[in-house]
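Fold and contact review
Chain by chain, the residues run as shown.
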Amino acid sequence: MQEFVSGLVQNSSFGAWDVVLAVVVLVVGWFVSVWARRGVVVALAKWSGLGPSGTNLAARLVRYSVLLLTIGIVLTVLGAPLQPVLAAVIIISAVAFLALRGIAANFGAGLVIQARRPVRIGDSIEVEGVAGRIVELTGRSVLLATSDGRTIRIPNTMLLENPLWNASESGAVRSEVRARLHGSPDLDRVCPVLLDAVASVSSVASVASVASVASGSSVSSKDPEVFLHTITPAWADITIRFWSAYDDREAARSSVVRAVAVALGGAGLTCSVSSDGPRFLTALVDAVD
């Protein structure tokens, strides 16, 4: 680098007026970069959907571009050879691209997120097995607060390159509870008992009522449902589906398991109830064996 600078100075011929002009260009370029940054901030804040972080990022890029252009003009005024300057620009650009490739990708993804707004602060999302509530959106990452108290930073590119589930868009999530009724139950009598038990859970009933009002019908698509999976002389396996708010899903599952067990017990039936389907079936198989 020292040899390059020494050769650049030796091969350049400039006088006092060239230096004065270079200083003037440098000062003007500095002020122009500041004004350009402010102008971009005002324009994007007024006409675009970018948030503060995206607007500041775009403004900084514009200012750095103006400064680089100013430096190039200054070198030209001082009579620097064009080929070494171009070679240096190409080398620096290549190194910067390789070093900042991942950061630039996340910044670009951040601009897309700020403009299209697939997610917002306060949304509950799940991506690549990570679930939580968005508490901050930055130019490089999304900060999530999980239900167990952890804070996780997810790169912006992950939100654009992977399937993203935004639970806040639908307002409710569907859960399932599995039940095994022992003996030979009267299913025509059991199903209404199960539906009434699930509907008695406040978090489930509130979602169903909101969905019913929104659809303008007395029958909502988010009403509880009962499905029969297996029936034998010794038992019957049933799945109960219901909807609840995303934040209340764990409490709703627990309440539904309890309500179903109490209702079936009150009907004189022996049952096994669980909200964990795979473990529930494994335990039943072990019990049979």
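So, a few notes on the structure that sits alongside this text. All residue numbers here refer to positions counted from 1 along the written sequence of the relevant chain. Thresholds applied to this predicted model are a pLDDT of at least 70 for local features of residues and 80 or more for the giving and counting of side-chain atom pairs; totals over whole chains, interfaces and linings are not thresholded and use all residues. Only heavy atoms go into the side-chain values, all of them from the structure, while hydrogens and water stay out.

1. A closer look at the overall build of the protein
Here is the rule we go by: The numbering of helices and of strands both runs from the N terminus, where a helix is a DSSP run of H or I of at least 4 residues and a strand a run of E of at least 2. For every residue, the accessible area (1.4 Å probe, protein chains only) is compared with the maximum for its type, and the residue is labelled buried under 20%, exposed over 50%, or partly exposed between those bounds. Each accessible area is a Shrake-Rupley estimate made with a 1.4 Å probe; only the visible protein chains count as cover when residues are assessed.
When its secondary structure is counted, the protein shows eleven helices and nine strands. Considering the protein as a whole, with its 289 residues, one finds that 32% of them fall into the buried category. Of the roughly 17,200 Å² that the protein leaves accessible, carbon and sulfur atoms contribute 62%.

2. Description of the pairing of strand S4 (residues 151–155)
What counts here: DSSP-based pairing: two strands are paired if at least 2 bridges between them are found.
Sheet topology places strand S3 (residues 141–145) next to S4; five bridges connect them, and they run antiparallel. Paired with Leu143 across the bridge in S4 is Arg153. Where S3 hands over to S4, the hairpin turn is made up of five residues, of which Gly149 adopts a positive phi near 90°.

3. Quick word on the pairing of S3
The element S3 is largely enclosed, with a buried count of four among its five residues. Note: strand S2 (residues 130–137) against S3, four bridges, orientation antiparallel. Bridge pairing in S3 links Leu137 to Val142. Counted along the chain from S2 to the antiparallel partner S3, the turn is three residues long.

4. Regarding the sheet that holds S3
What holds strands together in a sheet is hydrogen bonding between their backbones, with the strands either parallel or antiparallel. Rule in force here: Orientation is described by lines fitted to C-alpha atoms, with helices fitted over the stretch in contact, and by angles between N-to-C directions that extend from 0 to 180 degrees.
The antiparallel open sheet is built from five strands, whose spatial order is S4-S3-S2-S1-S5. Lying at the two open borders of the sheet, with one neighbouring strand each, are S4 and strand S5 (164–166). The mean inter-strand angle of the sheet, taken between neighbouring strand axes irrespective of direction, is 40°.

5. Section: the packing of helix H8 (residues 187–199) against helix H10 (residues 249–266)
This is how the line gets drawn: Here the angle decides the label: under 35 degrees means roughly parallel, over 145 means roughly antiparallel, 65 to 115 means roughly perpendicular, and every other value means oblique. Helix crossings are classified by the rotation of the near helix relative to the far one: an anticlockwise turn of less than a right angle makes the crossing left-handed, while a clockwise turn makes it right-handed. Whether two residues touch is decided by their heavy atoms; if any such pair falls within 4.5 Å, the residues are in contact. Under the grouping applied here, Gly and all other residues not named as nonpolar or charged are polar, the nonpolar ones being Ala, Val, Leu, Ile, Met, Phe, Trp, Tyr, Cys and Pro and the charged ones Asp, Glu, Lys and Arg.
Running from N to C, H8 and H10 point in directions that differ by 140°, and their axes come no closer than 9 Å. Between H8 and H10, the crossing angle belongs to the class labelled oblique. Crossing of H8 over H10 shows right-handed handedness. From H8, Val190, Val193, Leu194, Ala197 and Val198 reach across to H10, where they touch Val256, Ala259, Val260, Ala263 and Leu264. Looking at the contact of H8 with H10 residue by residue, the classes come out as ten nonpolar, no polar and no charged.

6. Things to note about the pattern of salt bridges
Put simply, the test is: The term salt bridge refers to a pairing of a side-chain nitrogen on Lys or Arg with a carboxyl oxygen on Asp or Glu at a separation within 4 Å.
Scanning the entire structure with this criterion turns up six salt bridges. Taking the shortest distance from any N to any O, the salt bridge between Arg153 and Glu136 comes out at 3.9 Å. One end of the pair, Arg153, is in strand S4; the other, Glu136, is in strand S2, and 17 residues separate them in sequence. Here Arg241 and Glu176 are joined by a salt bridge, their closest N and O atoms 2.9 Å apart. Placement of Arg241 in strand S8 (residues 235–244) and of Glu176 in strand S6 (residues 173–182) is noted, with a sequence separation of 65 residues between them.

7. Some details on a nonpolar patch on the surface
The test is simple: Patches draw on residues past 30% relative accessible area with no salt bridge. Two like charges within 9 Å are joined, as are two nonpolar side chains (Val, Leu, Ile, Met, Phe, Trp, Tyr) within 5 Å.
Residues Trp17, Val19, Val20, Leu21, Val23, Val24, Val27, Val28, Trp30, Phe31, Val32 and Trp35 make up a contiguous nonpolar surface patch of roughly 1,200 Å² in combined accessible area. Position of Val20 among the secondary structure elements: in helix H2 (residues 16–47).

8. Section: the sheet that holds S8
Pairing is antiparallel in the open sheet, where four strands are placed in the order S7-S8-S6-S9. On the outer flanks of this sheet lie strand S7 (225–231) and strand S9 (271–274), each paired with one strand and no other. Between one strand axis and the next, the sheet turns through 20° on average, direction left out of account. Summarising the sheet, S6 and S9 pair through four bridges and their orientation is antiparallel. Bridge pairing links Arg180 to Ser272 in S9. Its contacts with the sheet put H8 on S6, S7 and S8, and the angle it makes with S7 is roughly 140°.

9. As for the packing of aromatic side chains
Applied cut-off: To pair, rings of Phe, Tyr and Trp, with the six-membered ring standing in for Trp, must have centres within 6.5 Å; the planes then decide the type, stacked if under 30 degrees apart, edge-to-face if over 60, and tilted in the middle.
Going through the model one piece at a time under the given rule, you end up with two aromatic pairs. When the ring of Trp165 is compared with that of Tyr246, the centres are 5.6 Å apart and the planes differ by 75°; the resulting orientation is edge-to-face. Separated by 81 residues along the polypeptide, Trp165 in strand S5 and Tyr246 in the loop between S8 and H10 bring together distant segments of the chain. For Tyr246, a relative accessible area of 9% corresponds to the buried category.

10. Structural notes on the side chain of Asn156
With respect to the helices and strands, Asn156 occurs in helix H6 (residues 156–161). By relative accessible area, Asn156 is classed as buried at 1%. Residue contacts for Asn156: discarding those within four places in its chain leaves Asn106, Ala109, Gly110, Ile113, Thr138, Gly139, Arg140, Ser141 and Val142.

11. Topic: unusual backbone geometry
Despite not being glycine, Glu128 shows a phi value in the positive range, around 55°. Position of Glu128 among the secondary structure elements: in the loop between strand S1 (124–127) and S2. Since its relative accessible area comes to 52%, Glu128 is described here as exposed.

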